[in-house]
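Residues per chain, in single letters:
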Amino acid sequence: MNKKTVSQNLKKSIKIYQDSNFQIIIGITLITILGGPGISPLLPSIAKDLNIPPEHIGWVISAFFIPITIGTPISGILADRYGRKQILIPALFLFAIAGSLCSLAPNFRTLIEFRFIQGIGATPIESLTLTLISDLYRGKLLTTAMAFRTMSIGLSLVIYPLVSGGLTTWGWRYPFLLYLIAIPLSFWVLFCLKIPAMPKQKSFSLKIYLRNIWQSLNNYQVGCLLIVIIINFILTFGPCLTYIPLFANRQLGASYIVIGIILASRGIFLAFISSQLGIFAKYLSEITLIKVSFILYCIACMITPTINNIWLLFIPGILSGLAQGMVAPSSQSLLGQLSPEKYRAGFMAVTATALSFGQTLGPILAGTMFTIGGMAGVFYSGAILSLIIFVFISYLLVNTPSIKS
């Protein structure tokens, strides 16, 4: 690549945040983050108010991600068949209404039911943000776009815990009203999002469509990257976002505001490393960045049970933020580059399914480990899992190419 091309790509990377389409995609991403990490500071308060044992509180998160895991492939098919907006806009409305109704839940069962319905609304949203980015950007610009998206997630993880933690001092029900923001967002999507025209299909055969999707997925590199995504979110939503708040509250006596600050620090470093990923990607392969991230996860999980001072809990929070900031955009960029244009929504829906599967499984597995080994068992099992996936990556992904310029 000549110097002129490098300079042009760098300018595009810097100005990508000025693209109105990208701003809308980031807006969609930010509101959906409220569905999972955004409610982490609420969990100790919900558990206390509704008298829920620690091993069960993770269902507040898992109930949201179960329908996403099941329904995302279907939403990908519908988005390829009928269009991105036609699926996205109704989903945002359902997400907003069901999410706000959680604030009225009289008991734990009703809360879980509303969270499940909200998850139905959220089903196509994650995959369609990834699909839209892959529709609009290619090459290293795709890596930059994915990195900016992850950076925005990191910034939201700075703001949301502080907002949620502050609102929770009045009661855990108030933060659920934030989901109503998705309603004006849906109108922004309707009137302002400009999507490249998709080739018109004279006829649609589900059998042929599924066969083509399977052929694009039937690749060991794709399979390995999907496993990386699953493990990343098992670690994020299990030990990091579900049990670090419980550890801080129950064993270190942290207030909800302090818990919000700890989670916010995680988001700061997630955002920082993501904002620099475009630079790192020039010198390190995406695979190297993924491997480093799981070493950081391992260290974070290993040291957490040994901490006896609340302020030292910032260390594993920061390490896990750095880890997620590297592994998420790197793995999603590689998959975006491998996605076929005609079936991209379906392909990325499978990616989002893997993501939501990890988000669903993380709190459940962590709760199981809590039952078996207590709080320490949650984090030590996370450290072991991190080492296993590091070895897995080292041996099976060594031949996966970086994103081409």
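For the structure given in this document, a descriptive report is provided here. Everything numeric here is computed off the predicted structure, so don't read it as measured data. (Residues numbered from 1 in each chain as written. Predicted model: local features only at pLDDT ≥ 70, side-chain atom pairs only at ≥ 80, totals over all residues. Heavy atoms only, no water.)

### Some points on helix α12 (residues 220–250)
So, step 1. Under the 1.5 Å per step criterion, the end-to-end length of α12 is 43 Å for 31 residues, consistent within 8% with the ideal 45 Å.
So, step 2. Along its length, α12 reaches its greatest deviation from straightness, about 45°, at Tyr243, and the proline Pro245 lies no more than four positions downstream. (Helix = DSSP H or I, 4+ residues; strand = E, 2+ residues; numbered from the N terminus. Expected span 1.5 Å × (residues − 1). Bend = angle between axes of the 7 residues up to and from the residue.)

### Some words on the environment of Thr168
So, step 1. Secondary-structure assignment places Thr168 in helix α9 (residues 139–168).
So, step 2. With 129 residues separating them along the chain, Thr168 and Ile39 place their C-alpha atoms 9.9 Å apart.
So, step 3. Apart from the residues within four sequence positions on either side, Thr168 is in contact with Leu42, Ser45, Pro175 and Tyr256. (Contact = heavy atoms within 4.5 Å.)

### Some details on the pattern of salt bridges
So, step 1. What the rule picks out here adds up to three salt bridges.
So, step 2. The salt bridge involving Arg84 is made with Asp80; its shortest N-O contact spans 3.0 Å. Both residues of the pair, Arg84 and Asp80, count as buried.
So, step 3. Notably, a salt bridge pairs Asp135 with Arg84, separated by 3.0 Å at the nearest N-O pair. A residue pair is termed long-range when its members are at least 10 positions apart, and Asp135 in helix α8 (residues 125–136) and Arg84 in helix α6 (residues 84–101) qualify at 51 residues.
So, step 4. In this structure Asp135 comes out as buried when scored by relative accessible area, which is 16%. (Salt bridge = Lys/Arg side-chain N within 4 Å of Asp/Glu carboxyl O. Buried < 20%, exposed > 50% of the residue type's maximum accessible area, 1.4 Å probe, protein only.)

### Section: the state of the cysteines
So, step 1. A complete count under the given rule lists zero disulfides for this structure.
So, step 2. Take Cys298: it sits in no disulfide, and the sulfur closest to it among the cysteines is that of Cys301, at 7.4 Å. (Disulfide = S-S within 2.5 Å.)

### Remarks on unusual backbone geometry
So, step 1. A positive phi angle, close to 60°, is found at Asn51, a residue other than glycine.
So, step 2. Its place among the elements puts Asn51 in the loop between α3 (43–49) and α4 (54–57).
So, step 3. Note on Asn51: relative accessible area 67%, which makes it exposed.

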